[in-house]
Amino acid sequence: MPAAIRRYIALTTKEVQQLRRNRVLLIQLMLPPTIVLIIFGFALNPKVRDLRLGIVDESLTTESRGFVDSLTQNVDFEVVGQYRRAKDAEDALRSLDLDAFIVIPADFARTLGRGQTASVQVVVDAVDANTAQITQGYLGVALEEYNLSGSGVPPEKLRAGSMLVRSAHPTPPPGVPQVRPAYIYNPGLVTTWYYVTGVMSIIMFINASLVASAFAVKEKETGTIEQLLMTPAQTGEMLLAKTSPVFVLMMVVLFAALIVGMLVFGLPVRGALWLFTVAGGFAALAGIGIGVMVATVSRSQQQAQLLTFFVNPPITLLSGATAPLDNMPEIFQKLSYIDPLRYMVTIVRGVTLKDSPWSALWPNLLALAIFSIVLFAISAWRFRKV
């Protein structure tokens, strides 16, 4: 057996024995990521449910009551109050008792009776801009269902501060186009799949950097790093032996997250599992490289953890794991190209959700491989200079 292999086996055996003694670390690597994945899968959900809706019905007619009933049939709304004046509803909105309220004018029924368009005022709490936009969209859907169920007349567009309601006709007008969307890859519109695929990549990458930095800086704290550097083993051999157990653990964490996603959230795996594995390996290697580089400029494990927490948030936010990159400013979109986690997230979603072809994923795999090799090489160079 070559001497290099013997040295690598001896060093790896030492690292495995040290890892076996640290059972708390093993539990921390397996249990918290699983819990975090489940919590994030349920918590990171853009859908808004049970919006508290107030009604100011100045018309008090059969038509206005029918309109209100059509809104209450939408599962996203819950009518929690009827008010006589718009001022009372506004006070309830200010007191955090409502998310939105609708004012139906007194001439609502007469306007519809003349075959004209009636204007209904909608007031939405826009402190949370995202919820306000979603509420407006829900109201638009409810209005569309009301119009189409009554007459087949196409719904009018939402205007600033008001919503238009068309009068009912017995038959739909001719030549009205109908849009019937077809949803592929996620026909059930399960938003959890988007977040779970991103979070599992984040968990593996961050854990790789944290554990690698802790393992590397521990040698400096105990004073054994100088002894290791004086042995015949090369720097690459020492670093490879030190990170091999971490690499194996990270792959276990990644597949444990995948299994949790499949069992808890019904996450599909439509593509090649080997591509998922290779991409995970390169991403783990990149995370380990970042962790070792952080360790080389740290004097203690606490300092290494603080530096890692400073480095990881930008990597996480620029990866597109929890928010689409297209929604970011252009400068951040360009910065995301130097983020190795971006390519990992793209491959994971391409393999699990889309079964993307090799021609679409190989550039991401190549970029991820280059980042992992470069980061690991820099960490080896820095490790030698400790």
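Procedures and definitions
- Residues numbered from 1 in each chain as written.
- Predicted model: local features only at pLDDT ≥ 70, side-chain atom pairs only at ≥ 80, totals over all residues.
- Heavy atoms only, no water.
- Core = buried A, V, L, I, M, F, W, Y, C linked by side-chain atoms within 4.5 Å.
- Buried < 20%, exposed > 50% of the residue type's maximum accessible area, 1.4 Å probe, protein only.
- Helix = DSSP H or I, 4+ residues; strand = E, 2+ residues; numbered from the N terminus.
- Phe/Tyr/Trp six-rings, centres within 6.5 Å; stacked < 30°, edge-to-face > 60°.
- Salt bridge = Lys/Arg side-chain N within 4 Å of Asp/Glu carboxyl O.
- Expected span 1.5 Å × (residues − 1).
- Pairing = 2+ DSSP bridges.
- pLDDT = per-residue confidence, 0-100.
- Contact = heavy atoms within 4.5 Å.
- Patch = residues over 30% accessible without salt bridge, like charges linked within 9 Å, V, L, I, M, F, W, Y side chains within 5 Å.
- Areas by Shrake-Rupley, 256 points an atom, 1.4 Å probe, with all protein chains shown as cover.
- Axes fitted to C-alpha atoms, helices over the stretch in contact; angles between N-to-C directions.
- Parallel < 35°, antiparallel > 145°, perpendicular 65-115°, else oblique.
- Left-handed = near helix turned anticlockwise from the far one by under 90°.
- Nonpolar A, V, L, I, M, F, W, Y, C, P; charged D, E, K, R; others polar.

**Some remarks on the nonpolar core**
Consideration 1: Formed by 59 residues in total, the largest nonpolar core has its most connected members in L37, M200, M250 and M344.
Consideration 2: Breaking this core down by element, the ones donating at least two residues are α7 (191-222), α9 (235-265), α10 (273-296), α11 (301-317), α13 (340-354) and α14 (358-384).
Consideration 3: Top element by residues in this core is α7. It accounts for 16 residues.
Consideration 4: Residues L53, F67, F77 and I104 belong to the second largest nonpolar core, which totals 20 residues.

**Considering unusual backbone geometry**
Consideration 1: Although it is not a glycine, L60 adopts a positive phi angle of roughly 50°.
Consideration 2: Tracing the chain through its elements places L60 in the loop between β1 (51-57) and α3 (62-72).
Consideration 3: Although it is not a glycine, D355 sits at a positive phi angle of roughly 55°.
Consideration 4: As for its placement among the helices and strands, D355 is situated in the loop between α13 and α14.

**A look at the packing of aromatic side chains**
Aromatic ring pairs are defined here through the distance separating the ring centres and the angle between the ring planes.
Consideration 1: Evaluation of the coordinates by the stated rule reveals five aromatic pairs.
Consideration 2: For the pair W274 and W358, a centre-to-centre distance of 5.8 Å together with 35° between the ring planes defines the contact as tilted. Of this pair, W274 sits in helix α10 while W358 sits in helix α14, and the two are 84 residues apart along the sequence.
Consideration 3: Plain terms: the ring middles of Y343 and F371 are 6.0 Å apart, the flat faces sit at 25° to each other, and that makes the pair stacked. Within this pair, whereas Y343 is found in helix α13, its partner F371 is found in helix α14, the two being separated by 28 residues in sequence.

**Looking at the pattern of salt bridges**
Consideration 1: One pass over the full model with this rule turns up six salt bridges.
Consideration 2: The partner of R85 in a salt bridge is D88, with the nearest N and O atoms 2.8 Å apart.
Consideration 3: The salt bridge partner of R94 is D91, with a shortest N-O separation of 3.0 Å. Placement of the pair is R94 and D91 together in helix α4 (residues 86-94), with a separation of three residues, close to one helical turn.
Consideration 4: Residue classification places R94 among the exposed residues on the basis of a relative accessible area of 56%.
Consideration 5: By sharing partners, the salt bridges in this structure join K87, E90, D91 and R94 into a single network.

**Overview of α10**
Consideration 1: Taking 1.5 Å of rise per residue, 24 residues should cover 34 Å, and α10 covers 35 Å from first to last C-alpha, within 8% of that figure.
Consideration 2: Of all 24 residues in α10, 17 are buried; the element is thus mostly enclosed.

**Describing the pairing of strand β3 (residues 100-104)**
Consideration 1: With respect to burial, β3 is a largely interior element, five of its five residues being buried.
Consideration 2: Neither face of β3 is left uncovered, since the one carrying A100, I102 and I104 and the one carrying F101 and V103 both have all their residues buried.
Consideration 3: Looking at chain direction, β1 and β3 are connected through five bridges and run parallel. Of the residues in β3, the one forming a bridge with L53 is A100.
Consideration 4: Pairing geometry for β3 and strand β4 (residues 118-124), over four bridges, is antiparallel. When the bridges of β4 are listed, A100 appears paired with V124.

**Topic: the confidence of the model for the protein chain**
Consideration 1: Residues at a pLDDT of 70 or more form 77% of the protein chain, whose mean pLDDT is 78.
Consideration 2: Averaged pLDDT values for the elements of the protein chain fall to 48 in strand β5 (residues 162-165) and rise to 91 in α13.
Consideration 3: Taken together, the stretch residues 151-179 has pLDDT below 50 and engages in 64 contacts with residues farther than four places along the chain or on a different chain.

**With respect to a nonpolar patch on the surface**
Consideration 1: On the surface, a cluster of nonpolar side chains totalling about 910 Å² of accessible area is made up of W274, V278, W358, W362, L366, I370, V374, I378 and W381.
Consideration 2: Mapped onto the nonpolar patch, the elements with two or more residues apiece are α10 and α14.
Consideration 3: Within the element layout of this structure, L366 appears in helix α14.

**Looking at the packing of α10 against α13**
Consideration 1: Relative to each other, α10 and α13 sit at 165°, their axes nearing to 10 Å. By the angle between their directions, the pair α10 and α13 is classed as roughly antiparallel. Seen from above, α10 lies across α13 with left-handed handedness. Between α10, through L275, F276, A279, G280, A283 and A286, and α13, the contact on the second element is made entirely by P340, M344, I347, V348 and V351.
Consideration 2: Residues belonging to the contact of α10 with α13 are distributed by class as follows: 10 nonpolar, one polar and no charged.

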